[in-house]
Amino acid sequence: MNTLEKLKQFYWPYKKYLIASLFSLLFVVAITVVYPIVLQLTIDEVVLKDRYPLIPYIAAGFFLIMLAKATATFFHQYMGDLFGITSVYKVREALYEKLQVLSFKYYDNARTGDIMSRLTTDVEMFRNFLSFGFSELIRITLLIVISLGVMFYYSIPLALITMASMPFLAVVVFMFDKRVHPAFRGIRKSFGRLNTRVQENISGMNTVKSLSREDFEIGRFSDSNDNYRQNYLFTANIWSKYMPVMEFIGNACAVLLLAYGGYLVMNGNLNLGELVAFFSLVWYIMGPLMNLGFVVNQFSQAKASGERLLEILEAKEDIVEKDGAIDTPIKGHVTFNDVTLTYIKDDDTALSNITFDAPPGKIIGLIGSTGSGKTSITQLITRFYEPEKGEVLVDGRPVDAYKLKTLRQHIGFVLQESFLFSTTIRENIRYGNPQIPEEQIIDAAKRAQAHDFIMEMPNGYDTMLGERGMGLSGGQKQRIAIARAICINPSILVLDDATSAVDMETEFKIQQALKEVMKGRTTFIIAHRISSLKHADEILVLENGEMAERGKHNELVNNNGPYERIYRIQYQDREQIMDTAT
Ligand SMILES: Nc1ncnc2c1ncn2[C@@H]1O[C@H](COP(=O)(O)OP(=O)(O)OP(=O)(O)O)[C@@H](O)[C@H]1O
């Protein structure tokens, strides 16, 4: 299906604006074509026949016509804009809503800069076409048809001469469109890459600076910038070659008209006024035809942009809520039955045949080397991804039996690096539960050991945070994230390396805070330090996505397995230090 057809649902509901705009356009075009007729009458009937007293009347009539044209032009422009602006308002909303429902799988490969350029520039290109391009196409068609009608009325042979040039113009326009459309697609893609470069650079500025890679980044930006320039120049080249050809054809036609028309006037087969009118009319045909290149250009840009918008709008939603999904409180009983997960088809499995049962209120520790699959387990509970095989149950029901919101509202996450929005600390804490009363926000902050440092800030809970929570230390950010998780009062709590960004003393404090928070909630603690999950009811030790060992700390510590190995590595230093101290 054609791009415009697919996007019809966004602009067609507002067709009334388009129709109003086109109706006004009809007037504008009709009045435009009246000009040469008035000119012809003035020359043939007034000037050549010495009827000068008629001039003031003609002038007044002309003035009124112009007034009517100005009014019609106003409505044409305004209604056209209303049509474009309202339609893309809906497109933008649909895009944003789609971005909210797209799964993590989509974002694994998506680039922020590119998405941003689609939501801004591509939407704008599309608006341009809806507001102006579309009606310009109609204007051109109307002008040509009406002008030709008047021409045929004046002189059939001359009108035929004018028409003879049209096939040439049509071929040039067609060839132009064929070449310029891919070129515009190239520009849009290149712009997306340029945006991605800038966005990644700004987001990763810490890394860039700490590794002194500024020059490398400037080089990479220059490459993208150059690519964008080249793409634009390539298009400009096509455009510049096309314009003179169009003009040449137009002018050749005008010369022919002048030669043959002059001959007809001299022979008395055509009035002088008619030739003059013909000359204006011919430019009403040639002008728009040449302009057709510009409109085709706009149309091509809009098509290329529309394709990019559709790529988002039609992106596959991997995680879809089932019909009849339930909305019921969750107690927090998590069960994995023989679960296998593969992120990318034909890639290695991230989890293989994982089975465990976590009754409500229990604490499950997850430990294992990096990439062993700890985080993947928690991502399946929230249904961020779906297993390839096996079942993930919450309170005895498969996770897909719940509404996505219900499921996720009952699961609180504290990640290694939690995202803080550039708003106040209060807004950040209550992000997951905006209705929560003030006392509970403060209580959550106190339980997360965050209240004291928040109160030391100049504006307390009203302190604005920079993008990505700039202006706070890692430990402070973390405690705000913990307070945020407490606010949603989850039945299941996931602490993914939650205390890795803090010093030992703060870790101890947070652990104390978390102990209280964990009460009555099923908690998954992902940690590299044994000290963080020693007290878990069950510890799952993962190796390459498989369950290598499971049990309580006391059982595992002498089990001759990977847990004991990790324990020895982490505690032998301490024993050595103790030994040397005694
Ligand atoms: N979104 C993803 N797309 C593709 N592969 C992924 C994705 N997330 C994780 N993986 C792969 O799955 C495996 C398990 O990753 P996971 O993040 O669960 O490990 P982890 O034990 O939590 O590691 P860490 O301790 O470093 O956080 C790894 O091999 C990882 O490369």
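Computed from a predicted model, the values in this text were never measured in an experiment.

### Things to note about the overall build of the protein
From N to C terminus, the protein includes 21 helices and 10 strands. Taken over the C-alpha trace, the protein has a radius of gyration of 36 Å; the compact-globule value for 582 residues is 25 Å, which it surpasses by more than 25%. For the C-alpha atoms alone, the extent of the protein along its principal axes is close to 125 × 50 × 45 Å. Here the protein, with 582 residues, has 35% of them falling under the buried criterion. Within the protein, counting contacts between residues at least 6 apart in sequence, those at least 24 apart form 80% of the total.

### Comments concerning the site of the ligand
The environment of the ligand is made up of Asp108, Tyr343, Ile344, Ala350, Gly368, Thr370, Gly371, Ser372, Gly373, Lys374, Thr375 and Ser376. With 3 residues, helix H12 (residues 374–381) is the largest single contributor of residues to the shell around the ligand. Considering only residue class, the shell around the ligand consists of 3 nonpolar, 7 polar and 2 charged.

### Observations concerning the domain arrangement of the protein
As a measure of interface size, the accessible area lost when the parts come together is often cited. Its domain assignment divides the protein into domain 1 (3–313), domain 2 (332–410 + 492–505 + 519–552) and domain 3 (418–489). Once you take the C-alpha centre of each, domain 2 and domain 3 turn out to be 26 Å apart. Taken together, the contact between domain 2 and domain 3 spans 6 residues of the former and 5 residues of the latter. Classifying every residue of the side of domain 2 that touches domain 3 gives 4 nonpolar, 1 polar and 1 charged.

### A closer look at helix H7 (residues 156–164)
The set of residues buried in H7 consists of Leu158, Ala159 and Thr162. The arc enclosing the buried residues of H7, seen along the axis, measures out at 100°, which places them on a common side. Exposed residues pointing more than 90 degrees away from the buried face of H7 are listed as Ile156, Pro157, Leu160 and Ala164.

### What about the UniProt feature "transmembrane region" (unreviewed entry) in the protein?
Sequence positions flagged by UniProt for "transmembrane region" (unreviewed entry) are, in local numbering, residues 21–43, 55–75, 126–146, 152–176, 248–266 and 272–296. For residues 152–176, the helix share is 92%, the strand share is 0%, and the end-to-end C-alpha distance is 30 Å.

### So, the pairing of strand S1 (residues 334–341)
Remark: a regular strand shows side chains that alternate across the two faces of the sheet. Bridging between S1 and strand S2 (residues 351–358) involves 5 bridges; their strand directions are antiparallel. What sits directly across from valine 339, in S2, is isoleucine 354. With 5 bridges connecting them, S1 and strand S4 (residues 389–394) associate as antiparallel partners. Directly across from phenylalanine 336, in S4, lies its bridge partner valine 392.

### Focus on the sheet that holds strand S7 (residues 492–496)
Across the sheet, 6 strands lie side by side as S6-S7-S8-S3-S9-S10; this open sheet has mixed pairing. Since the sheet does not close on itself, it has two edges, and those belong to strand S6 (411–414) and strand S10 (546–551), each with one partner. Going from strand to strand, the sheet's axes swing by 20° on average, the running direction of each strand aside. With respect to the sheet, helix H17 (residues 474–487) is in contact with S6 and S7, its orientation differing from that of S6 by roughly 180°.

### Here's the deal with the packing of helix H8 (residues 166–203) against helix H10 (residues 214–266)
H10 packs onto H8 with a crossing angle of 165° between their chain directions and a minimal axis gap of 9 Å. Judged by the angle between their axes, H8 and H10 are roughly antiparallel. In this structure, H8 crosses over H10, and the sense of that crossing is left-handed. Of the residues that constitute the contact of H8 with H10, the class distribution is 19 nonpolar, 8 polar and 5 charged.

### Quick word on the nonpolar core
Inside soluble globular proteins, nonpolar side chains tend to come together where they are buried. Grouped together as the largest cluster of nonpolar side chains are 63 residues, with contacts concentrated most on Leu366, Ile482, Ala483 and Ile525. By residue number, the principal contributor to this core is H17, which donates 7 residues. The residues that make up this core include at least three from each of domain 2 (332–410 + 492–505 + 519–552) and domain 3 (418–489). Look past the residues within four positions of isoleucine 482 in its chain and what remains in contact with it is Val414, Ala448, Ile510, Ala513 and Leu514. Leu7, Leu25, Ile140 and Val282 belong to the second largest nonpolar core, which has 54 residues in total.

### Describing the environment of glycine 192
One can find glycine 192 in helix H8. Judged by the 22 C-beta atoms lying within 10 Å of it, glycine 192 is buried. In this structure the C-alpha to C-alpha distance between glycine 192 and glutamate 214, which are 22 residues apart in sequence, comes to 21 Å. Beyond its immediate chain neighbours, meaning those up to four positions away, glycine 192 contacts Gly113, Asp114 and Ser117.

### Section: helix H4 (residues 55–101)
Its 47 residues place the ends of H4 69 Å apart at the C-alpha level, agreeing with the 69 Å of an ideal helix rising 1.5 Å per residue. All buried positions along H4 are accounted for by His76, Met79, Gly80, Phe83, Gly84, Ser87, Val88 and Val91.

### Points about the environment of valine 180
Within the element layout of this structure, valine 180 appears in helix H8. Considering only alpha carbons, one finds valine 180 and lysine 477, 297 residues apart in sequence, at a separation of 50 Å. Setting aside residues no more than four positions away along its own chain, valine 180 makes contact with Thr235, Ile238, Val296, Asn297 and Ser300.

### Looking at the sheet that holds S2
Spatially, 4 strands are ordered S2-S1-S4-S5 in an open sheet, and the strand pairing comes out antiparallel. Bordering the open sheet on either side are S2 and strand S5 (397–398), each of which pairs with just one other strand. Strand contacts of H12: S1, S2 and S4, with the helix running at about 115° to S1, the strand carrying the most contacts.

### Description of the packing of helix H15 (residues 438–447) against H17
In the contact formed by H15 and H17, the axes pass within 8 Å of each other and the chain directions differ by 130°. In terms of axis orientation, H15 runs oblique to H17. When the axes of H15 and H17 are compared, the crossing they make is right-handed. Note on element contacts: H17 touches H15 through Ala483, Ile486 and Cys487, opposite Gln440, Ile441, Ala444, Ala445 and Arg447. Counted by class, the contact of H15 with H17 contains 6 nonpolar, 1 polar and 1 charged residues.

Cut-off values and rules
All residue numbers here refer to positions counted from 1 along the written sequence of the relevant chain. pLDDT decides what is reported in this predicted model: residues at 70 or higher carry local features, side-chain atom pairs at 80 or more are listed and counted, and totals for whole chains, interfaces and linings draw on all residues regardless. Numbering of helices and strands runs from the N terminus; a helix is a DSSP stretch of H or I covering at least four residues, while a strand is a stretch of E covering at least two. Atoms considered for the radius of gyration are the C-alpha atoms alone. The globule rule reads 2.2 Å times the number of residues to the power 0.38. Here a residue counts as buried when 20 or more other C-beta atoms sit within 10 Å of its C-beta, as exposed when there are 12 or fewer, and as partly exposed otherwise, the C-beta atoms being derived from the backbone. Contact between two residues is assigned when their C-beta atoms, built from the backbone, lie within 7 Å. Residues are counted as near a molecule or strand when the C-beta atom, derived from backbone positions, lies within 6 Å of that molecule or strand. Just so you know the grouping, Ala, Val, Leu, Ile, Met, Phe, Trp, Tyr, Cys and Pro go in nonpolar, Asp, Glu, Lys and Arg go in charged, and all remaining residues, Gly too, go in polar. Residue ranges for the domains originate in an automatic or database domain assignment. The directions considered for the arc run from the helix axis to the C-beta atoms. UniProt positions are given in the numbering used here, feature names are shortened, and annotations may be inferred rather than shown by experiment. Following DSSP output, two strands are said to pair if at least two bridges run between them. Convention adopted: a line fitted to C-alpha atoms gives each axis, helices being fitted over their contacting stretch, and angles between N-to-C directions are expressed from 0 to 180 degrees. By the definition adopted for this analysis, an angle is roughly parallel if under 35 degrees, roughly antiparallel if over 145, roughly perpendicular if from 65 to 115, and oblique otherwise. In a left-handed crossing the near helix is turned counterclockwise from the far helix by less than a right angle, and in a right-handed crossing that turn is clockwise. Nonpolar core, as used here: buried Ala, Val, Leu, Ile, Met, Phe, Trp, Tyr and Cys residues forming one set through C-beta atoms within 7 Å. Residue count minus one, scaled by 1.5 Å, sets the expected span of a helix.

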